[in-house]
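Residue strings, one per chain:
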Amino acid sequence: MILTQYYLECLSQASYLVGDETTGRAVVVDPRRDVGEYLADAAAHGLTIVGVIDTHFHADFLAGHLELAERTGAWIGFGDEARPEFPARLLADGERIELGDVVLEVLATPGHTPESISVLVWEHAGDAVPHSVLTGDTLFVGDVGRPDLLASIGVTADELGRRLHASVARLMELPDAVRVLPGHGAGSACGKNLSTERASTIGDQRRDNPACRPTDVEDFLAMVTAGQPAAPAYFVHDAIANRRGHELFDPARPARPLAVAEVDDLAGRGAVLLDARDADEFAAGHLPGSLSVPLDGRFAETAGTVVDPDRDVVVVAPQDREEEVVTRLARIGADRVLGYLRDPDAVLAEPGRTQRSERVDAAALAEMLAGPDRPEVLDVRNRGELAVGAVPGARQIPLAELPRRLDEVARGRTVVVYCAGGYRSGVAASLLRRAGFADVRDLAGGYAAWAALPEERRRRADVAAHLHHELEVAADWHPDLSARAVSGSRRRPSAPAGRARQATFGRCSTTSDR
C-alpha cells in the first residue's frame, strides 16, 4: 500500500494519495487545485488515479476534484447526502472501494456538514483491524470539526452538532490501533483546539481529546460551539463553489506583468491592490490604497478574510514569487488576479509614488496610553486568544469580522492595532487605511511584545485606561463634561444588534508545503 499525506502549512490542510502497488490503482482524498504533486507521485509509484473523494464540500479551500478528474479521467466521489451540480459518484455508508488488496470503506460521519464522510483504509482486505481512517473535518487531532459554519445558508449548529455527537461516538468504536489521519491541523479555522500533530490513533484520541470522551449531547454541543474562531468571509463562497463547480485552475498559465500605468488604471476601476511583500517593506513604502498580506504567513486564508473572492485583484509580489502568489490565491478560489506589478522596487522608489505606514513598539504604545491623547486600541485576535491577556482598554474585533464592523472603530483619532505577534495587525491596519482612517499604526511584535514590557509600565497604562473609561462614562451621563473634562475621548459607538520535507511512517509518508 502507498499512503501519502500532503500538508499545506498556509491552510493547515491535509490531502491523501492511497494506492495499491500490485494493481497500480489509486484514489486521492481531499485534493487541492494545483494537482501536479499527486500526478508526479502517482507516476513515480506506477499508479493510475482512478478516483477522487472529497470528504465534504470544503469551506476553507477550493478543492481540486475537477482538476484531477480533467487530468486523469477519474470519477469524483462524495457522501450520498451531497448534491453536487456536476457528475459525481455518491458513496453510501459502508460502501467498499477495492483498489486491489487495498480497500477503502466509506463511513457516513455527518456533523461538520450534512454530507461529511470518513474513509477507512484497509491495507489488506482480510485484515482484522483497519490500517487508518481519513477523518476529513469530522475528527482532528485534539478536536472535532465545528458544526456552525453553514448557519448562514440555513443549516443550524444545533442540528449538525447533534449529528456530529453521534459521528464522533461512531469513530470511537474503532479499535485503538487505527491511525487517525485528519483533514486539518493547528491554525485551521475549522476547529479551535487542533494539535500541531498531523496523525494520531483512535486510542490516543479517546484518551486525550476532550470532544471524544463520552458525554451528554447537550454538554457536547456547548463544548464544540463555544469559543470558535471567527470564520473568514470566503468560507461560504468556497462551500458553494465546491458544490456548484468552478473554472479549472491551470498553474502553467503565467500571471501577466503590468506596467504601473495599467495598475493605476485597474485600481481606479475598482481592482484591489494586494501587496504580498514583507510587513516592514510595506511600511517603508506602498501604493496608496494597498492591502498588506505578507506571503510568508497564512497568506491565502488571510487574503480571503479581507478580499472578496469576486473582486479583481492586482498583486504586488516579492521578487520572483508572482506565480506562488497566484497559486496560493487560487487554492481559496480567488481566481480574478489580473496581473502583477512589473519591477515593484523601481516603481516604489519613484518620488511621490508611495505612502508609508507607521509601526509602533510596545514602549511607545505604553507612553501613548498614559498620555492625554489616548489612541483607540484595536485587538484583532480571535476571542479564544484573550485568555492570555489584553492591552488595557482595547476594543476587540477579530480580523475576520473587521471588514463588516469598520463602523465600530473610532474615526478622527489615532488607531493602534495589535494581534498576537504582528502579522494580522499589519493586515488590519492596511484595511483601515484603505477604508479612509487617517492615522493608523500597528504594534510591532503584537501582544507578545506588550506582555514582555516591565510590569510597572503596563500597570501605568492600566490605570490610565481605567481613568479614561470612568471619564467616558461621566461624559455619557453629563454631555456637557465631554468637551472640557474628557480630553481626547469620545463616546463609544454602540455595537450593531511546491513540495517540501517528507517523512515516512512505515509504508506511509507525509509531505508539506506552504
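The structure under discussion appears in the preceding block.
Given the structure is predicted, the values throughout are model-derived calculations rather than measurements.

Looking at this structure, I do not really get the packing of helix H9 (residues 299–306) against helix H10 (residues 322–330). What am I missing?
Packed helix pairs are characterised by how far apart their axes lie and by the angle those axes make with each other. It is at 9 Å that the axes of H9 and H10 come closest, and there the two elements cross at 65°. The angle between H9 and H10 places the two elements in the roughly perpendicular class. Where H9 crosses over H10, the two elements pack in a sense that is right-handed. On the side of H9, the interface is formed by Phe 299, Ala 300 and Ala 303, while H10 contributes Val 325, Arg 328 and Leu 329. Classifying every residue of the contact of H9 with H10 by side-chain character gives five nonpolar, no polar and one charged.

Would you take a moment to explain the sheet that holds strand E20 (residues 358–360) for this structure?
Strands belonging to one sheet form pairs held by backbone hydrogen bonds; the direction of such a pair is parallel or antiparallel. Taken in spatial order, the five strands line up as E20-E24-E23-E21-E22 in an open sheet, and their pairing is parallel. Each edge of the sheet is formed by a strand with only one pairing partner; in this case those strands are E20 and strand E22 (395–396). With three bridges connecting them, E20 and strand E24 (residues 440–443) associate as parallel partners. Following the sheet pairing, Val 360 is matched in E24 by Leu 443. Strands in contact with helix H12 (residues 362–370) are E20, strand E21 (376–379), strand E23 (415–418) and E24; relative to E24, the strand with the most contacts, it is inclined by about 125°.

Looking at this model, I keep getting lost on H9. Mind explaining?
The periodicity of an α-helix, 3.6 residues per turn, causes residues three or four places apart in sequence to face the same way. Most of H9 sits out of view: eight of its eight residues are buried. If you check which residues of H9 are buried, you get Phe 299, Ala 300, Glu 301, Thr 302, Ala 303, Gly 304, Thr 305 and Val 306. Lining the buried residues of H9 we find helix H6 (234–244), strand E16 (272–275), strand E17 (291–292), H10 and helix H13 (423–434).

For this particular structure, what's the right way to read the pattern of salt bridges?
Evaluation of the coordinates by the stated rule reveals 41 salt bridges. Note that Glu 37 is salt-bridged to Arg 32, the shortest N-O span being 2.8 Å. Pair check on accessibility: Glu 37 and Arg 32 agree, each one buried. Through salt bridges with shared partners, one network takes in Arg 32, Asp 34, Glu 37 and Arg 331.

Help me understand the pairing of strand E19 (residues 337–341) in this model?
Strand residues, when the strand is regular, have side chains that alternate between the two faces of the sheet. Counted residue by residue, E19 has four buried out of five residues, so it is predominantly covered. Inspection of the sheet shows strand E15 (residues 257–258) paired to E19 by two bridges, in the parallel sense. Each residue of the ladder has a partner; that of Pro 257, found in E19, is Tyr 340. Here three bridges tie strand E18 (residues 313–316) to E19, and the two strands are oriented parallel to one another. Bridge pairing in E19 places Val 313 opposite Val 337. Following the backbone out of E18, through H10 and into the adjacent parallel E19, one traces a crossover that is right-handed.

Conventions used here
- One numbering rule holds for all chains: residues counted from 1, following each sequence as written.
- In keeping with the model being predicted, local features are shown solely for residues with a pLDDT of at least 70 and side-chain atom pairs are shown and tallied solely at 80 or more, while totals for entire chains, interfaces and linings include all residues.
- Hydrogens and waters are ignored; side-chain quantities use all the structure's heavy atoms.
- Angles run from 0 to 180 degrees between N-to-C directions of axes, and those axes are lines fitted to C-alpha atoms, restricted for helices to the stretch in contact.
- By the criteria applied, helices consist of DSSP H or I runs no shorter than four residues and strands consist of E runs no shorter than two, each listed in order from the N terminus.
- In this scheme, roughly parallel covers angles under 35 degrees and roughly antiparallel covers those over 145, while 65 to 115 is roughly perpendicular and the rest are oblique.
- Working rule for handedness: look at the near helix, and if it is turned counterclockwise from the far one by less than a right angle, call the crossing left-handed; if clockwise, right-handed.
- In what follows, residue pairs with any heavy atoms lying within 4.5 Å of each other are defined as contacts.
- Polar here means any residue outside two lists: the nonpolar Ala, Val, Leu, Ile, Met, Phe, Trp, Tyr, Cys and Pro, and the charged Asp, Glu, Lys and Arg; Gly therefore counts as polar.
- Note: two strands are recorded as paired if DSSP finds a minimum of 2 bridges between them.
- Under the scheme applied here, a residue whose accessible area is under 20% of the maximum for its type counts as buried, over 50% as exposed, and between as partly exposed, the area being computed with a 1.4 Å probe on protein chains only.
- One speaks of a salt bridge when a side-chain nitrogen belonging to Lys or Arg is within 4 Å of a carboxyl oxygen belonging to Asp or Glu.
- With the strands pointing away from the viewer, any crossover whose connection runs clockwise from the first strand over the helix to the second is right-handed.

Purely geometric stuff here, so don't read any function into it on its own.
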